[in-house]
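# Coordinates in review
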Amino acid sequence: GGHAGPLPTLSQLGNADKAGFLSKQSTGLMRSWRRRWCVLKGDCVYYFSSAQTEEADGAVKLDGAFVQTADEHTRRKHSFGVFHPQRRTQFFIAESHDELTAWVDALNAKIDLLEQLYDSDSSISEDF
């Protein structure tokens with residue numbers, strides 16, 4: 001949720017920064033884990049029910065967020081969270097320790113890049 005306008009289709013997300021399978025914790029009452037094809041592109045991670053599904057299930061926005069391992073939150077190995085001061089934390093589980101490291105590094109690099117873009121983009125930030 002929280003994404004303005006229609007989500008891009010899988011075909012529109014070609015040339016992505018990173019893509020792969022992650023298990024995502026559903027936001028429903030059961031909090032079950034579902035395997036999703038996840039694509040990092042622009043300022044979002046988009047998730048799909050399979051690597052062939054065109055329609056995204058949703059998107060997790062990265063602006064203003066930080067990413068770190070979350071085993072103590074999820075009680076699962078290889079898990080990480082996208083934490084944000086205003087938005088609900090989104091938890092994911094990678095398929096291996098190497099994948100976990102790769103996703104966390106890629107997401108944090110992207111967040112750093114977004115912060116630089118926003119900083120250079122707005123003169124407002126100096127007033128705060």
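The coordinates are above.
None of these values were measured; they are calculated from a predicted model.

Conventions and cut-offs
- Residues numbered from 1 in each chain as written.
- Predicted model: local features only at pLDDT ≥ 70, side-chain atom pairs only at ≥ 80, totals over all residues.
- Heavy atoms only, no water.
- Helix = DSSP H or I, 4+ residues; strand = E, 2+ residues; numbered from the N terminus.
- Buried < 20%, exposed > 50% of the residue type's maximum accessible area, 1.4 Å probe, protein only.
- Polar contact = N/O pair within 3.5 Å; in protein donor to acceptor, adjacent residues only side chain to side chain.
- Contact = heavy atoms within 4.5 Å.
- Phe/Tyr/Trp six-rings, centres within 6.5 Å; stacked < 30°, edge-to-face > 60°.
- Lys NZ or Arg CZ within 6 Å of the ring centre and 35° of its normal.
- Salt bridge = Lys/Arg side-chain N within 4 Å of Asp/Glu carboxyl O.

Below, the discussion takes up the side chain of His84. You can see His84 is positioned in the loop between β6 (79-83) and β7 (90-93). When its relative accessible area of 15% is taken as the criterion, His84 is described as buried. Only 3.4 Å separates the side chain of His84 from the backbone oxygen of Asp63, close enough to count as a polar contact. Here the side chain of His84 touches Arg87 through a polar contact of 3.2 Å, landing on its backbone nitrogen. Among all residues touching His84, those that are not within four sequence positions of it are Asp63, Gly64 and Ala65.

Time to look at the packing of aromatic side chains. This model, assessed by the stated rule, comprises four aromatic pairs. Ring plane angle 15° and centroid distance 5.3 Å describe the contact between Phe66 and Phe83, whose orientation is recorded as stacked. With a gap of 17 residues between them, Phe66 in strand β5 (residues 66-69) and Phe83 in strand β6 connect regions that are remote in the sequence. On the basis of relative accessibility, which here comes to 10%, the residue Phe83 falls in the buried class. What links up through ring pairs into an aromatic cluster is the set Phe66, Phe83 and Phe91. Positioned above the aromatic ring of Phe21 is the side chain of Arg35, whose terminal nitrogen or guanidinium carbon lies 3.8 Å from the ring centre.

This paragraph deals with the environment of Ser49. As for its position among the elements, Ser49 is in the loop between β3 (44-48) and β4 (58-61). Through-space distance from the C-alpha of Ser49 to that of Trp37 is 6.2 Å; in sequence the pair is twelve residues apart. Ignoring any residue separated from it by four or fewer positions in sequence, one finds Ser49 in contact with Arg35, Arg36 and Asp57. For Ser49, the side chain forms a polar contact with the side chain of Thr53, separated by 3.3 Å.

Mapped onto the elements of the fold, Ala51 is located in the loop between β3 and β4. By relative accessible area, which is 24% here, Ala51 ends up partly exposed. Distance in space between the C-alpha atoms of Ala51 and Asn15 is 15 Å, their sequence separation being 36 residues. Leaving out residues up to four positions away in the same chain, Ala51 has contacts with Leu10, Phe21 and Trp37.

Moving on to the pattern of salt bridges. Applying the stated criterion to the full structure yields seven salt bridges. One salt bridge connects Asp63 with Arg87, and the closest N-O pair in it is separated by 3.3 Å. Linking Asp63 in the loop between β4 and β5 with Arg87 in the loop between β6 and β7, this pair joins segments that are 24 residues apart in sequence. Residues joined in a network through salt bridges with shared partners are Asp43, Lys61, Asp63 and Arg87.

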